[in-house]
Amino acid sequence: MSDAILSITGLSKTYASGFQALKKVDLEIRRGEIFALLGPNGAGKTTLISIVCGIVNASAGRVTVDGHDIAADYRAARSLIGLVPQELTTEAFETVWNTVSFSRGLFGKPADPAHIEKVLRDLSLWDKKDNAIRTLSGGMKRRLLIAKALSHEPQVLFLDEPTAGVDVTLRQGMWELVRKLRETGVTIILTTHYIDEAEEMADRIGVISKGEIILVEDKTELMRKLGKKQLTLQLAQPLEQIPAALSTHPLALAANGNELTYTYDTHSEHSGIAALLDDLDKAGISFKDLKTSQSSLEDIFVSLVREKEA
Ligand SMILES: Nc1ncnc2c1ncn2[C@@H]1O[C@H](COP(=O)(O)OP(=O)(O)OP(=O)(O)O)[C@@H](O)[C@H]1O
Ligand SMILES: [Mg+2]
């Protein structure tokens, strides 16, 4: 067993139209992680997922799922994967129970009503089990897609924009569900446009733009790099230099000595601001105004994608 449950190498896709949607993508997904794939519309997220799930053929490259090549060993690879697609499909007249049970059968797994019941209960669909799909609300249909994807107990779950157009409560519920799944050992790959979703959920984050992966990083590392916050103090009187009494604080003097900026880590327990203000007071330095600013995942994402487009 290798550390990577999903391994993608040199994956390219040129659609029949001649459009190149993926350009030599290399990506390894670690066993048991939640990986968020971020990227603007048309970046290639759905194409990537569709290839791994065998819905779209690759033009070049190789994909293995737990060692099984998706081309040479398709059935074994596919049976390990659950897919929650971006688009809702409609088997309008079938019931919830039958749809989810049938889905399990498609992967050659023996019927297991207890498992189907658990999935439906976990997704708060149990009381709708005998309902026809057309009678479900949009949010319920989305949960049904998840139930279908979980029907055959996959090791790897792809969620393509799971919370697009989903209300806030349901979104929280889905996040919780995804976390619970991860606790049972399922590896999760989700695509999203919502940075806060990636921030909230992911262990690692990948950014894709125009068919290329332009960044893959541990979320905490990314947040540490980006999670710097700045406190800017507008001084009542300009300073010529930072007084020695303040030398222990990470300060910079700017705007002709009229501004002091203090950089701190939002993730450390103590910002040091209280001590700074205390020392400023002792040094007799007063300020007229103050503001804080923070670089967010959104900032880096936007600048990365812009850089790519430039
Ligand atoms: N069947 C197809 N034929 C030709 N081009 C396609 C086809 N499917 C997708 N594309 C193109 O490939 C590019 C990537 O599409 P894809 O659906 O993978 O993007 P995405 O990252 O999932 O976008 P979104 O965030 O909007 O879902 C787009 O430019 C799209 O127009
Ligand atoms: Mg998509």
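No experiment lies behind these values; they were computed from the predicted model shown. (Residues numbered from 1 in each chain as written. Chains lettered and ligands numbered in written order. Predicted model: local features only at pLDDT ≥ 70, side-chain atom pairs only at ≥ 80, totals over all residues. Heavy atoms only, no water.)

1. Comments concerning the coordination of the magnesium ion (ligand 2)
Each donor-metal-donor angle in an ideal tetrahedron of four donors is 109.5 degrees, and each such angle in an ideal octahedron of six donors is either 90 or 180 degrees.
1) Next: Ligation of the magnesium ion (ligand 2) by protein atoms is provided by T46 (OG1) and Q86 (OE1), these donors lying 1.9 to 2.2 Å from the ion. Of this pair, T46 sits in helix α1 (residues 45-52) while Q86 sits in the loop between β6 (81-84) and α3 (96-106); the two residues are 40 residues apart in sequence, bridging distant segments of the chain. (Donors = N, O, S within 2.8 Å, 3.2 Å for Na, K, Ca; no water. Helix = DSSP H or I, 4+ residues; strand = E, 2+ residues; numbered from the N terminus.)

2. What to know about a nonpolar patch on the surface
1) Next: Together, L277, F287 and L290 line one region of the surface with nonpolar side chains, adding up to about 220 Å² of accessible area.
2) Next: Summarising the element assignment, F287 is placed in strand β14 (residues 287-294).
3) Next: Its relative accessible area of 31% is what places F287 among the partly exposed residues. (Patch = residues over 30% accessible without salt bridge, like charges linked within 9 Å, V, L, I, M, F, W, Y side chains within 5 Å. Areas by Shrake-Rupley, 256 points an atom, 1.4 Å probe, with all protein chains shown as cover. Salt bridge = Lys/Arg side-chain N within 4 Å of Asp/Glu carboxyl O. Buried < 20%, exposed > 50% of the residue type's maximum accessible area, 1.4 Å probe, protein only.)

3. With respect to helix α6 (residues 168-183)
1) Next: In this model, α6 (16 residues) spans 23 Å end to end at C-alpha, consistent with the 22 Å of a helix rising 1.5 Å per residue.
2) Next: For α6, the full list of buried residues reads L170, R171, M174, W175, L177, V178 and L181. Seen end-on, α6 carries its buried residues on one side only, within an arc spanning 160°. Of the residues in α6, the exposed ones pointing more than 90 degrees away from the buried face are V168, T169, E176 and E183. (Expected span 1.5 Å × (residues − 1). Arc of directions from axis to C-beta.)

4. Some words on the environment of I213
1) Next: Tracing the backbone through its elements, the reader meets I213 in strand β10 (residues 212-218).
2) Next: Once the C-alpha coordinates of I213 and I133 are considered, the two residues, 80 residues apart in sequence, prove to be 37 Å apart.

5. Some words on the site of ligand 1
1) Next: Taken together, 15 residues sit near ligand 1, with N41, G42, K45, T46 and T47 positioned nearest.
2) Next: Note that a nitrogen atom of ligand 1 is positioned 3.4 Å from one of the side-chain N or O atoms of Y15.
3) Next: Here an oxygen atom of ligand 1 sits 2.9 Å away from a polar atom, N or O, in the main chain of G44.
4) Next: Its free accessible area being 640 Å², ligand 1 has 65% of it covered by the protein chains.
5) Next: Among the elements that take part in the shell around ligand 1, α1 stands out by supplying three residues, more than any other. (Near = heavy atom within 4 Å. Polar contact = N/O pair within 3.5 Å; in protein donor to acceptor, adjacent residues only side chain to side chain.)

6. Describing the sheet that holds strand β4 (residues 60-65)
1) Next: Strands sit in the order β2-β1-β4-β5 across an open sheet of four strands; the sheet is antiparallel. A single partner strand is all that each edge strand has here, and the edge strands are β2 (20-30) and β5 (68-69).
2) Next: As paired elements, strand β1 (residues 4-14) and β2 share seven bridges and run antiparallel to each other. The residue bridging T14 from the neighbouring strand is Q20, located in β2.
3) Next: Across the sheet, α1 is in contact with β1, β2 and β4; its angle to β1 comes to roughly 115°. (Pairing = 2+ DSSP bridges. Contact = heavy atoms within 4.5 Å. Axes fitted to C-alpha atoms, helices over the stretch in contact; angles between N-to-C directions.)

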